[in-house]
Amino acid sequence: MNIIKSEVLESIKGLSHGFIYSEKGIDTEKIAENHELNNIHSLKQIHSDNIIFFEYEAKDISSLQGDSILTKIKREGVSVFTADCVPIIIYEKESGYIAAVHAGWKGTLKEIVSKSVNRIKEVSKDKNYNFVAAIGPAIGKCCYEVGEDVASQFISRFGDNNKFLTHLENGKFLLDLVYLNKSQLEHAGVKEIDILDSCTKCDKLLPSYRRDGKDAGRMLSFIALL
Ligand SMILES: [Zn+2]
């Protein structure tokens, strides 16, 4: 099993996190055990902006549909699975809330990451927010080609901006999902953002749906309070 870490999150006491991938598949129970966690929770991911939140007691949420999990319960990890989509993990230092977010192009269009930050603001009583986030390995702008059908939705929502959209001569576009999620985090008030900049399709070791299709493995991105 291979694990990539954010230096920024790793330097914070009382937190555990990682972006984990393995050719042999992901054994979530084993990862939880290795990190001294009771569970690592995940959802049925559906490219939505549904946020699942549990505050006082851990419950089995594995049959729920959604793409973001929030909690502040210790030793209950929250996680998302990806293969090219953008995994984002978030920690709010004052209230102690954590979140794991899955943002493919649909989730990015629906701004699931800023909605997750805003939900933490709603549920935490503290008004002095101090968010830190890490954006894990995802497909880069180098490789993420999309058609007019997808690009036009981003143009109508966020404008035609060459910071995240490149028009190609073949009529297609290159879309930068990492840039868009970083911008959404910034707009939501997250000042500290660590970007683990490697393209899942370019880096042959990382799981990529665009490169390997249905046979692609998955990356597990998790965060937990200790
Ligand atoms: Zn690439």
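Up top is the structure these notes are about.
Residues numbered from 1 in each chain as written. Predicted model: local features only at pLDDT ≥ 70, side-chain atom pairs only at ≥ 80, totals over all residues.

**Student:** What should I look at first to understand the overall build of the protein chain in this one?
**Tutor:** For the protein chain, the helix and strand inventory stands at seven helices and 14 strands. For 226 residues, the compact-globule estimate of 2.2 N^0.38 gives 17 Å, and the protein chain sits close to it at 17 Å. Projected onto the principal axes, the alpha-carbon positions of the protein chain cover approximately 50 × 40 × 35 Å. The proportion of buried residues among the 226 residues of the protein chain is 43%. (Helix = DSSP H or I, 4+ residues; strand = E, 2+ residues; numbered from the N terminus. Rg over C-alpha atoms; globule rule 2.2 N^0.38 Å. Buried ≥ 20, exposed ≤ 12 C-beta atoms within 10 Å, placed from the backbone.)

**Student:** I'm lost on the environment of isoleucine 89 in this one. Help?
**Tutor:** Following the sequence through the fold, isoleucine 89 ends up in strand E7 (residues 86–92). Judged by the 27 C-beta atoms lying within 10 Å of it, isoleucine 89 falls in the buried class. With 70 residues separating them in the primary sequence, isoleucine 89 and phenylalanine 19 have C-alpha atoms 9.6 Å apart.

**Student:** What is the right way to read the packing of helix H4 (residues 112–123) against helix H6 (residues 177–187) from this model?
**Tutor:** Packed helices, taken two at a time, are described by the angle their axes make and the gap between the axes. Interaxial distance between H4 and H6 falls to 8 Å at its minimum, and their mutual angle equals 25°. One finds that H4 runs roughly parallel with respect to H6. Our pair here, H4 against H6, has a crossing hand that is right-handed. Residues Val113, Ser114 and Val117 of H4 form the contact with H6, whose participating residues are Asn181, Gln184, Leu185 and His187. (Axes fitted to C-alpha atoms, helices over the stretch in contact; angles between N-to-C directions. Parallel < 35°, antiparallel > 145°, perpendicular 65-115°, else oblique. Left-handed = near helix turned anticlockwise from the far one by under 90°. Contact = placed C-beta atoms within 7 Å.)

**Student:** I would appreciate a short explanation of H6 in the present structure.
**Tutor:** The periodicity of an α-helix, 3.6 residues per turn, causes residues three or four positions apart to be oriented the same way. The buried fraction of H6 amounts to eight of the 11 residues, a majority that puts the element mostly inside the structure. Taken as a whole, H6 has its buried residues at Leu177, Val178, Leu180, Asn181, Lys182, Ser183, Gln184 and Leu185.

**Student:** Just checking my understanding: could you explain unusual backbone geometry for this structure?
**Tutor:** Peptide bonds are mostly trans, and most non-glycine residues show a negative phi. With a phi close to 60°, glutamate 36 is a non-glycine residue in the positive phi region. With respect to the element layout, glutamate 36 can be found in the loop between helix H2 (28–34) and strand E3 (39–41). The phi dihedral of histidine 47 falls on the positive side, at around 60°, and the residue is not glycine. With respect to the helices, strands and loops of the structure, histidine 47 is situated in the loop between E3 and strand E4 (51–54). Accessibility expressed as a C-beta count within 10 Å gives 17 for histidine 47, which makes it partly exposed.

**Student:** Where do I start with the sheet that holds strand E10 (residues 145–146) in this structure?
**Tutor:** Hydrogen bonding along the main chain pairs the strands of a sheet, whether they run parallel or antiparallel. Taken in spatial order, the three strands make up an open sheet running E10-E12-E11, and their pairing is antiparallel. On the outer flanks of this sheet lie E10 and strand E11 (165–167), each paired with one strand and no other. One ladder, built from three bridges, connects E11 with strand E12 (residues 173–175); its direction is antiparallel. Among the inter-strand pairings, threonine 166 is bridged to a residue of E12, identified as leucine 174. Strands E10, E11 and E12 of the sheet are contacted by helix H5 (residues 148–158), whose axis makes an angle of about 55° with E12. (Pairing = 2+ DSSP bridges.)

**Student:** Help me out: how do you make sense of the sheet that holds strand E14 (residues 219–225) in this one?
**Tutor:** Ordered in space as E1-E2-E14-E6-E3, the five strands form an open sheet in which the pairing is mixed. Each edge of the open sheet is held by one strand with a lone partner, namely strand E1 (2–4) and E3. Put simply, the sheet's adjacent strands are angled 30° from each other on average, direction ignored. Note that E1 and strand E2 (residues 15–21) share three bridges and pair antiparallel. Counterpart to isoleucine 4 in the pairing with E2 is phenylalanine 19.

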